[in-house]
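Report on the structure
So you can see what is in the structure, the chains are spelled out below.
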Amino acid sequence: MKDLLLHIYSYPDPTPPEAIDQAVRFAAAVGGHLTALAVQVNLQASSNYLASRLINLTAVCAEQEAKSLAACKSAVAVFEEKLATYKVTGGSLLTQADLYAVGSHVALHAQTRDLCLVPMVDGRDGQRAVTEAVVFGSGRPVLLFRPGKAELLGGGLSTVVVAWDGSPTAARALAAALPLLPKAKQVRVLTVLNEKAEARAGLGAEVVRHLGVHGVEAVADEVDAGNRKVGQVLSDYVAEHGSDLLVMGAYGRSRIQEFILGGATESLLANPRMPLLLAH
């Protein structure tokens, strides 16, 4: 993965410096060129005489846009400092987008990148919407991480878990992750049984064979879902094996501006316990 994109969020809360630090260290570990995409939001004040008289809506929007721009510039300064510190090649793009079009704006830039890194600070922040837009709208993989909870390790990958159910979506995620897997100390291929009819015993063996051709040693494992939801099974498994990256297909479809997500995708996006490499 030579061409990486980092989305820097600026409103309402900016991307924290520790997220930028982790992203640059990750780029150093994989030998990638990293571009930071800092997006200033445009808040178009509606033409409303009463609102303008009562709260001066136009001035409020201008103030918030200035706040967003200042956050972008501050984050870019941190990013450029980290590039120099870790000796990573890269650059920054300072762009603008309407508040509710940030996701599609980032997805457009991600279309010509090997991987888009999206940090999350809180499950309720706008990065969730950006993640969904990039996963389902760019055709490229997304690496989601969360400083303090699902931290992106910059010193190399220890254990990578590949969620495998034999679907085209899982195959897309596997292919997207392939450049990273040789850098891991251990790769585990997990199939959750008795959750989907197509996820049957023995599926992981073919993935192990395929990875072996690429020089990646892997082990196949199977876990019965029992009464647990698949998202919980995956979370429990990666915690048990100390995984620092989960590779999985993202299931979902868009309805107007709302994304309807599959159960595991929804669960793990809402509360990521490890970095997620997602592809659709």
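First things first, this report covers the structure right here in the doc. (Residues numbered from 1 in each chain as written. Predicted model: local features only at pLDDT ≥ 70, side-chain atom pairs only at ≥ 80, totals over all residues. Heavy atoms only, no water.)

A few words on the side chain of T35. Secondary-structure assignment places T35 in strand β2 (residues 33-42). Looking at T35, its side chain comes within polar contact range of the side chain of R113, at 3.2 Å. If we skip the residues at most four places from it in the chain, T35 touches L4, L5, L6, F79, G91, L93 and R113. (Helix = DSSP H or I, 4+ residues; strand = E, 2+ residues; numbered from the N terminus. Polar contact = N/O pair within 3.5 Å; in protein donor to acceptor, adjacent residues only side chain to side chain. Contact = heavy atoms within 4.5 Å.)

A few words on the nonpolar core. One finds L4, F26, L117, L181, L211 and L277 to be the most contacted residues of the largest nonpolar core, which totals 50 residues. Per-element tally for this core: the top contributor is helix α1 (residues 17-30), with seven residues. In this view, L117 contacts L4, L5, L6, H7, A23, F26, L143, F145 and L152; residues no more than four positions away in its chain are not counted. By size, the runner-up hydrophobic cluster in this structure holds 39 residues, among which are L5, V142, V233 and Y237. (Core = buried A, V, L, I, M, F, W, Y, C linked by side-chain atoms within 4.5 Å. Buried < 20%, exposed > 50% of the residue type's maximum accessible area, 1.4 Å probe, protein only.)

Of all six residues making up strand β1 (residues 3-8), five are buried, and the element is well covered by its neighbours. Viewed along the sheet, the connection from β1 through α1 into β2 turns out right-handed. As defined by bridge partners, β1 adjoins strand β4 (residues 115-119) across three bridges and the pair is classed as parallel. When the bridges of β4 are listed, L6 appears paired with L117. (Right-handed = clockwise from strand over helix to strand, strands pointing away. Pairing = 2+ DSSP bridges.)

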